[in-house]
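Chain by chain, the residues:
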Amino acid sequence: MHHAGLSVKTFPQFSSLENIIDARNAQLSVSINGDETNYPGFLLEQAFDVPYLKTVIPLGIDNTSLWISSIAVATKNEHSVHQFIERETVRLTSFIANTTIPKQRVFINAPASIVFELKRILESIGSE
């Protein structure tokens, strides 16, 4: 999202103290997986007035588009991302449609909040 005028900083598990302190200066806090990041998001919101955006997990084209759109709306950057989302959706949909993906049996080891969406995506491309 840097092209939208946003500077992105990650706040992963086991962050350094410097990263944690810097997070309190953010314009917005957004999770990738709320099951793992709700607590820091709520803390930043309550203690430092950093708005915490609760949205979908960005897996698959639809959810990733919604996730990016939610960030754009929250940061008032809608105009700069809609064309990007449309362009990338067309590119990815075309790639998937024109690519032969061998059927695979897949074992997913992930939090439940991620497993069901990954399962749906993998089944849509012919995996089991």
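Scroll up to find the structure this text is about.
Owing to the predicted nature of the structure, the values given are computational and were not obtained by experimental measurement.

The next point concerns unusual backbone geometry. Residues other than glycine seldom take positive phi values, yet Asp49 does so here, at roughly 60°. Structurally, Asp49 is set in the loop between helix 2 (34–48) and strand 2 (52–53). Of note in this structure, Lys76 is not a glycine but carries a positive phi near 60°. Note on placement: Lys76 falls in the loop between helix 3 (60–74) and helix 4 (78–97). Overall, the relative accessible area of 64% leaves Lys76 in the exposed class.

What follows concerns the packing of helix 3 against helix 4. Relative orientation of the contacting elements helix 3 and helix 4 amounts to 170°, with a least axis distance of 10 Å. Considered as vectors, helix 3 and helix 4 are oriented roughly antiparallel to each other. Contact residues: helix 3 offers Ile61, Ser65, Ile68, Ser69, Ala72 and Val73, while helix 4 offers Glu78, Val81, His82, Phe84, Ile85, Thr89, Leu92, Thr93 and Ile96. Of the residues belonging to the contact of helix 3 with helix 4, the class tally is nine nonpolar, five polar and one charged.

Rules used throughout
- Just so you know, the residues in each chain are numbered from 1, in the order the chain's sequence is written.
- Confidence filtering applies because this is a predicted model: local features only for residues at pLDDT of at least 70, side-chain atom pairs given and counted only at 80 or more, and all residues used for totals across whole chains, interfaces and linings.
- Excluded from the side-chain calculation are hydrogens and water; included are all heavy atoms of the structure.
- Per the convention used, a helix needs a DSSP run of H or I reaching at least four residues, while a strand needs a run of E reaching at least two, with both numbered from the N terminus.
- Burial classification: accessible surface area is computed with a 1.4 Å probe over protein chains only, and a residue below 20% of its type maximum counts as buried, one above 50% as exposed, and the rest as partly exposed.
- As a rule, the C-alpha atoms of each element are fitted with a line to give its axis, helices using only the stretch in contact, and angles between N-to-C directions run from 0 to 180 degrees.
- Any angle from 65 to 115 degrees is called roughly perpendicular, while one under 35 is roughly parallel, one over 145 is roughly antiparallel, and all others are oblique.
- Contacts were defined at the residue level, with two residues in contact if any of their heavy atoms lie within 4.5 Å.
- Classification used: nonpolar for Ala, Val, Leu, Ile, Met, Phe, Trp, Tyr, Cys and Pro, charged for Asp, Glu, Lys and Arg, polar for all others including Gly.

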